[in-house]
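# A look at the structure
Single-letter residue listing:
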Amino acid sequence: MMHTKQIGKNLYQVELDTGGFKQLICSYIITGSKPILIESGPTNSVPNLLSALEELGIAPPAIEYVAVTHIHLDHGGGAGTLLKSLPNAKVIVHPRGAPHLIDPERLWPSSQAVLGYVSEVFGKPEPVSKDRVIPITEGVFDLGNGAKLTVLETLGHASHNLSFQENLNNGVFPGDAAGTYLPKCNTVVPTTPPPFYLESALASLDKLIALNPQALYFSHFGRADDAVNRLEAYKTQLRLWADIAQAGVETNQSLETIRENIIQADPVMTKIINYIQNHPIYKKTVLENCIMGFIEYAKTKQPKTQP
């Protein structure tokens, strides 16, 4: 099967088909005189990413950079495995994420604890040697022939999330800073596992809105147009979930009750709840981990009682 599809000038989306799941995780390839990969994806789908390079006729030594938005298994977990096949590539990553790429020993057990069975779908990360890591929070990479990739720090989902802007189509790769896009439903749901920081997440969305992008290239999953309106809508959605979690924590509600309140109050969730509940991955990540992110965040906002 073909893994690549062209979605813009010099821009291809790669269906990673991780664990046989369609429309779960994708990487992107910007072609040209200095081709670059965005997101290594997880370890288990690295062979599919390499076959995508082959489909596009890109020789592995031609890749100079692999830019990962953050080091969670589904975005950067495959970097160490991938680099074995890309002899000249270096990984662009946030300085806080870099140590976990170089030594993923702690990343794996903590991912297993948070993701459960989903971590096995993604696979165990292998280390990236230190001399192949470029830690950066902002900067511009020249891709030749006028093409550029601009790096922005967009925290909130993770303390080390980067976004990348490409100038040929005026699009942004937000990692998980703009949520999870479900192309089947043409809608976005939060991606907010603990520890989640609402203020940072909202500030990051403002930073992306200020770029006035035409398109968002979600790692989960695919290209979405009407970028600015989507980013604004995501801000509204995050605030709504935070308010419901806050009220729930103040009255000692269970995760189940808070989840039910969110599903009823958020028109997006009401519409797509059957899809999410029947999805082997999203029922765990969206309905458990992401709601836990808001609950844990709300707990940090509680007034401290004197003992």
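Here, the structure is the one placed above.
Residues numbered from 1 in each chain as written. Predicted model: local features only at pLDDT ≥ 70, side-chain atom pairs only at ≥ 80, totals over all residues. Heavy atoms only, no water.

## Quick look at the nonpolar core
Core analysis: the largest hydrophobic core is formed by 79 residues, its most contacted members being L37, V66, L238 and M269. Filtering out sequence-adjacent residues up to four positions away, M269 remains in contact with V189, W241, I262, I263, V286 and L287. Within the second largest apolar cluster, 22 residues are counted, among which are I30, I92, F141 and A215. (Core = buried A, V, L, I, M, F, W, Y, C linked by side-chain atoms within 4.5 Å. Buried < 20%, exposed > 50% of the residue type's maximum accessible area, 1.4 Å probe, protein only. Contact = heavy atoms within 4.5 Å.)

## Quick word on the side chain of H75
Positionally, H75 belongs in helix α2 (residues 73–76). A distance of 3.4 Å separates the side chain of H75 from the side chain of T69, its partner in a polar contact. Here the side chain of H75 touches D176 through a polar contact of 3.0 Å, side chain to side chain. Beyond its immediate chain neighbours, meaning those up to four positions away, H75 contacts E39, S40, G41, V68, T69, H70, G175, D176, S219 and H220. (Helix = DSSP H or I, 4+ residues; strand = E, 2+ residues; numbered from the N terminus. Polar contact = N/O pair within 3.5 Å; in protein donor to acceptor, adjacent residues only side chain to side chain.)

## Brief notes about the pairing of strand β14 (residues 215–218)
Here β14 shows a buried face lined by A215 and Y217 and a second buried face lined by L216 and F218. As paired strands, strand β11 (residues 171–173) and β14 are joined by two bridges and run parallel to one another. Counterpart to G171 in the pairing with β14 is A215. Following β14, the chain reverses through three residues before pairing antiparallel with strand β15 (residues 222–224). (Pairing = 2+ DSSP bridges.)

## Digging into the state of the cysteines
Inspection of the entire model under this criterion finds zero disulfides. Here C26 stays unpaired: no disulfide links it, and the sulfur of C185, its closest cysteine neighbor, is 16 Å away. As a non-bridged cysteine, C290 has C185 as the owner of its nearest cysteine sulfur, 15 Å distant. Residue C290 is classed as buried on the basis of its relative accessible area, which comes to 3%. (Disulfide = S-S within 2.5 Å.)

## Some words on helix α9 (residues 255–265)
Looking at α9, one finds that the buried residues are L255, I258, R259, I262 and I263. Burial along α9 is one-sided: seen end-on, the buried residues are contained in an arc of 135°. Of the surrounding secondary structure, the elements contacted by the buried residues of α9 are α8 (227–250), α10 (267–277) and α11 (282–300). (Arc of directions from axis to C-beta.)

## Observations regarding the pattern of salt bridges
One pass over the full model with this rule turns up seven salt bridges. The salt bridge involving K84 is made with E126; its shortest N-O contact spans 2.8 Å. Of this pair, K84 sits in the loop between α3 (79–83) and β6 (90–93) while E126 sits in the loop between α6 (117–122) and β7 (133–135), and the two are 42 residues apart along the sequence. With relative accessibility at 27%, the residue E126 sits in the partly exposed group. When the shortest N-O distance is used, the salt bridge between K299 and E296 registers 3.9 Å. Residue K299 and its partner E296 are located together in helix α11, separated by three residues, close to a single helical turn. (Salt bridge = Lys/Arg side-chain N within 4 Å of Asp/Glu carboxyl O.)

Purely spatial values, then, with no claim about function.
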